[in-house]
Each structure stands twice: as C-alpha cells, then as structure tokens.
Amino acid sequence: MGKRSGYKRRKPNEGERATLDGHGGKSRVMDDKDDDDDDRRGDGGSVATTTTATTHSVLETSALTALDEGMKRAVKANRKRARDAQTLLKRAMKVKDVKFFNRMIKDFGNDKQFGFAKEAFERISRAGLSPNVYSYTNMMNAAARVGELEFMRTLWDNMALNCDEQANEVTYTVLVKGEAQSGHLKHALGRVREMIACGVEPNARTYSTLLRNCVRYSDVERARECLDLMRERGAAPDATACEYYIKTMCGELLVQQTLQFMRDIQNQDGIEITAASYVALATASSLVFADEKTARNACRDARAAIDVGGWAQEDDNDDKFQQQGDDDSSAPSKSVQLFLQLRAKDALQEIDAVEKYLNDTSEERREEIAVQASSGVERASNVIFVEDAQDMNVHERNARWLARFGQRKDVRVEVCSGHGDWITTRAGRSTDVQWIGVEMRRNRVALTWMKALRLNVSTNITMMCGMAHNVLRREIPDESVQEVYVNYPDPPEWVGSSQVLVDGAFLNDVHRILKPGGYLTCVTDDSTYAMRMCRELAKVPGLFKSTEASGKPFVSGVPDDYGASYFDSMWTNGAQNDRYFIKYSKL
Ligand SMILES: C[S@@+](CC[C@H](N)C(=O)[O-])C[C@H]1O[C@@H](n2cnc3c(N)ncnc32)[C@H](O)[C@@H]1O
C-alpha cells in the first residue's frame, strides 16, 4: 500500500523506538513533545493552549539548550520531526488517496504524534475523501496510545454514525485496549462480549490487552472471566494468557489459588508454566508461607525456564499495531531483543532477592512476616487507596494524618514510586524517616509493599495508591513533609497532553505540603521533560528557588549517593545515560 501511493516515512531508529517500559508505559519515541511554542504550532496546530508568557516568568528554550547538549539535540530533532510531518501532510493533500492518509495516521499514532495524527484524519475530508474503517481504527489507536480516552470513544461513536463499514476485530481490540488501560476493565470486557454479539471474533491480541491490564489493576475477577470467555469461544488460553492470570493472583498474594491453577493447566491442558509465572509465585509464596519449600522450588523452576527459553516475547507489544500494516518482519527487532534481555535480567535479580531473603531471614521472622502478608495488600495498615477526587475535608485529612504518623518529624514523599526500589533502599538507609510512596498502579504498590516486607522496612514506609495530584490534595496536610522526590516520572504522552505530572497545580501542592525550607527534587532522563519541568518551576518564582549556587535550573547527572531505581537501571542498561537533576528549595 505504502509503495503504491508513494508513501515514504522515515523509520524511527532503534534508540527512538525502544520501548523499555514493558509495563505498557512510555515508548520513548521523542516525537511531538517539544513544548517550545514554535514547535507546538508545528504539531498540526491542534495542541492544547498553555499559560501564556505574559502572566508568568519565562525560561526560554534557548537559555536551557545553551546549558546542555542533550537538550539542544532534542529540540533540533523535534523541530525536524515537526517539519517532516508537515511535509507529509502537504503531500497527502496532493496525493488524495485515503490509504496514504491512513498510513500516516497509523505511523503518527505509533510514534505518539497525536496532534499530527488528528490533523491527518481531519484532512481526509478536506481532501474531498471519506474516512473508512481503517482511518477510524488507526485514529482510535493513536488516541488510545496517548491515553486520550474520551477522544477515542467519540471517534467510535462517530464511526457508527458516519462510516458505512463495520468495525473489524482490530477496531474492537483498540477500543478494548483504550478502555482497559484506563482501568475500565468491566467496560472493556463488556466490549469484548459486544464484539462477539456483533459477529466479530476476538483474537489473541484482544484477550491479551485485557489480561495485561488485569495485572496492572490487580483485577483477579476480571482476569478469571476473561479466561473463561476464551475457553467458551474455543480460544484456549495459552501460556502467556495463563501468565497474566498468575501474575494478577500473585500480586494479590493468592498463592494457594495460584498453585491450584498451575496444577490444573499443567495436568489438564498441558500448558508449560512460563519463567515470569514462576518468578511471581516465588515472590508471593516466600512472603505468605513461612515454609520455604514452595518459594525455593519456584526459584529453581524460574531459573530453569529462563535457561531453556530465555525470556518469552510478549505478544502484546503496542508498537506492533497493524491495521493497514506492511510491517513484514516477524523477527524481534533489536530494541525488542534488548527489552527481553532486560526482563530476563530483572527476573534473575528478583529470584536472587527472594533466595537472599530465604537464606538471611530466620524462620521465626518469616512467620511474623507471613502473618503480616496474609492480610493482603488490600487490608495492610500501611497501604492507603486514595479514590478519585470527591469532596475533601481538611479537618478529616489532618486527623487521618495525625492518626497515621503522629508527630513524625521527618516525613519524605516519593511521587511515582514505581517498583519501589529507590524508596525501599532509602528507607533502609534512613530508618528514622517516615517514607511515603505515591503510585497510581496497584500492582506496583503491591510489589513495593512486598519488597518493604522482605527488606524489613515496612514500618517506615507507607504506600498511597492513586493519582499524585489527588493523593497530595486529599491525604497530605500543609507543611507536613520535609522532602518530595519525583524520580523518572513518565513524560507527557504528547505535546498537548493535559495529563502531565509536574505542572503548576502539582508545584503548588508540593509547596503547600513542604515544611519551610523543604526540598523538591525531580530526576529524569528525558531532556524534553527536563526542560518542561524547569519552565514550570520558572513560572512559579515565588514558590521555589534552585539549590544551585549559580541559580542554574538543573544539573546534569545525579549525586553518587542518590540511589538507583528500576527505571534508572533500565535506561542505563539501554545506554540512555543522560540524567537531569532538578533540586529546588521551598521559599
Ligand atoms: C517511569 S516510572 C518510574 C518509576 C520509579 N520512580 C523508577 O524510577 O523506577 C513512572 C511511574 O509513575 C507512575 N505514575 C505516572 N503518573 C502518575 C500519577 N499521576 N500519579 C501517580 N503515579 C503516577 C507510573 O505508574 C509509573 O510507575
């Protein structure tokens, strides 16, 4: 198709394409993320407006790029991408072939250039053509990939009204993905049933996108329903589907249920248990059972499975989205190979950590931990689930805080604590500090809680599960925190995204919760996001000031004793070594 319509697009190189966050997080494809005003206009002219320079202090892009080569390179690359996109859009208007537009939407979508994808979609009608089912599907995928759920839903509705063609299994799968990754799992499963009712059979990708998100949101019930549905439809769950279910159960420490399920699928269906499943079992069973046998066996079986098969490729790589695809290669790309190697390394580290725990911890102590673990993450006293913003009562908030932490002097918060490596290490180092981890993904909260139990730091770590803006507002009183850390936050999905963590509202809340003289530290490997954070900080000059003597808004590299995190190690292994350290004090 591409060749026939003369479509030619530069393939992003390996470095750009590498999706090192295998948990459905960011593709680090740096597309339309540059938020320099000129470049914003370059993104199809359809980006969100930001606060104008007239009302705030301005930190010019040129001032930042003069300080750092990485930033300079990123700005240059983003400008070039914007120019290339504009050239393609102009060409599409001349070619006047809907397939050309569709291919463009697909590529922009896969590269998270959402603004340009929208522009291409809108131009179909301006070119006197009509969007077809592929146009809608590709556009819905572009929206789903950057978390623009409402936009995706509207497209779906418009398609029913304006398009003569029926949604196919790819369209439905995109719809399921968009709903599931936003946590609407019941709704997503409803969409799968709806597609069946409409005579469109779900494929392996439809089920895996649903199951993958069951792991993320720890939804054991929905995962079970999904497997039942697969059987009902004659699409027997394979090892990968079973792995998702096992991970979901282990995330909730349902070890007996997991063992029974493993026996059933091995004996009845002849399914081989994957290495990742054994790792999940090892982690959970080491905590739940004082008797070490199950965990030791799981470690042994995990190692054996890794030795034999390496790390299986997940079939749900979002970057492999195909609609009118011409992706001909079935061999894993270099970036996917790297990703799989990192996963295997991760797994081996986790097995080592479980074995170390079993070797170093007395049976008596393990019994105590087993009692704590048996409460499950849901009922753990040091895990707090923060619902989406409703009414907020300051007095109740302050009373809750007092009941939990009393008059603890030194409380520190890590926002976006992820897998919990950094916070558990720091909690081990500073046992007199009360640490709070804020993380939106429930499975990562559970993992951190488990690590804290294993490392014997659970008494000085509390996890708050929810969206950071909301958690800060609802749970943390004024002037109660010594330091706030934001380590490797996800960069905004696209340049116009309203879903960005470090924004004005966040900085205001951080300022509110910090004690006088407290600190905010942000660390990122992403030069574009680093620039954006520095700009946001410059817009609130009355709240913070840089801790650098020269007033420099950031420094390159992190201090030696800062501590490593999962994502830090991952980017380092992926040879992404740029680091921006942004430390400010409260004014
Ligand atoms: C790239 S990871 C970094 C995790 C960890 N700090 C590290 O360095 O390994 C970003 C984490 O932030 C979480 N996250 C993103 N946006 C969030 C938000 N608004 N509120 C809470 N957590 C968020 C994601 O779920 C993810 O675990």
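Chains are numbered independently. Their residues run from 1 in the order of the written sequence. Given that the model is predicted, a residue must reach a pLDDT of at least 70 before its local features are reported, and side-chain atom pairs must reach 80 or more before they are shown or counted; all residues, however, enter totals for whole chains, interfaces and linings. To obtain the side-chain values, all non-hydrogen atoms of the structure were included, while hydrogens and water were left out.

The name given to the protein in an unreviewed UniProt entry is tRNA (guanine(46)-N(7))-methyltransferase, with Ostreococcus mediterraneus as the source organism.

Visitor: Looking at this structure, how should I read empty space enclosed by the protein?
Guide: The rolling of a water-molecule-sized probe over the atoms marks out the regions of remaining empty space. We place a 1 Å grid over just the protein atoms. Points where a 1.4 Å probe fits but has no way out form a cavity, open points with protein on both sides within 12 Å along at least 5 of 7 lines form a pocket, and any residue with an atom within 4 Å of a point lines it. Grid points are joined across faces, edges and corners, and a volume is the space filled by probe spheres set on the points. All chains considered together, the criterion is met by two cavities of 30 Å³ or more. A volume near 50 Å³ is recorded for the second largest cavity. Looking at the second largest cavity, the residues that line it are Trp422, Asn487, Tyr488, Val523, Val558, Tyr562, Gly563, Ala564, Ser565 and Asp568. Of the residues in the lining of the second largest cavity, the class split is six nonpolar, three polar and one charged. Gly is placed with the polar residues, together with every amino acid not listed as nonpolar (Ala, Val, Leu, Ile, Met, Phe, Trp, Tyr, Cys and Pro) or charged (Asp, Glu, Lys and Arg).

Visitor: When you look at the site of the ligand in this model, what are you seeing that I'm missing?
Guide: Looking at the ligand, there are 18 residues lining it, with Cys416, Glu439, Arg444, Asn487 and Ser565 nearest. Cysteine 416 is positioned with one of its backbone polar atoms (N or O) 2.7 Å from a nitrogen atom of the ligand. Side-chain atoms alone can form a polar contact between residues adjacent in sequence; in general such a contact is a pair of N or O atoms within 3.5 Å, and within protein one must be able to donate a hydrogen while the other accepts it. Between the ligand and the protein, one listed contact pairs an oxygen atom with a side-chain N or O atom of arginine 444 at 2.6 Å. Under the convention used here, a 1.4 Å probe and the Shrake-Rupley method define accessible areas, while residue burial counts only the protein chains that appear. Burial of the ligand by the protein chains amounts to 95% of its free accessible area of 590 Å². Looking at the shell around the ligand residue by residue, the classes come out as eight nonpolar, five polar and five charged. Any residue with a heavy atom positioned within 4 Å of a molecule or strand is treated as near that molecule or strand.

Visitor: Any chance you could explain a negative patch on the surface here in plain terms?
Guide: Taken together, the side chains of Asp291, Glu363, Glu364 and Glu367 present a region of like negative charge at the surface. As for its placement among the helices and strands, aspartate 291 is situated in the loop between helix H15 (275-288) and helix H16 (293-309). Patch definition: residues with relative accessible area over 30% and no salt bridge; like charges joined within 9 Å; nonpolar side chains (Val, Leu, Ile, Met, Phe, Trp, Tyr) joined within 5 Å. Put simply, a salt bridge is a Lys or Arg side-chain nitrogen that is within 4 Å of an Asp or Glu carboxyl oxygen. His residues and chain termini do not enter the charge count, which takes Lys and Arg as positive and Asp and Glu as negative. Charge positions are represented by NZ for Lys, CZ for Arg, CG for Asp and CD for Glu. Put simply, DSSP H or I for four residues or longer makes a helix, DSSP E for two residues or longer makes a strand, and each gets a number counted from the N terminus.

Visitor: Mind showing me how you'd approach H15 here?
Guide: Each turn of an α-helix holds 3.6 residues, which means side chains three or four residues apart point in the same direction. How far a helix is expected to stretch is found by multiplying one less than its residue total by 1.5 Å. With 14 residues, H15 should cover 20 Å at 1.5 Å per step; its first-to-last C-alpha distance of 20 Å lies within 8% of that length. Remark: exposure states derive from per-residue accessible area (1.4 Å probe, protein chains only) relative to the maximum for the residue type, with buried under 20%, exposed over 50%, and partly exposed in between. Counting buried positions along H15 gives 14 out of 14 residues, so the element sits mostly inside the fold.

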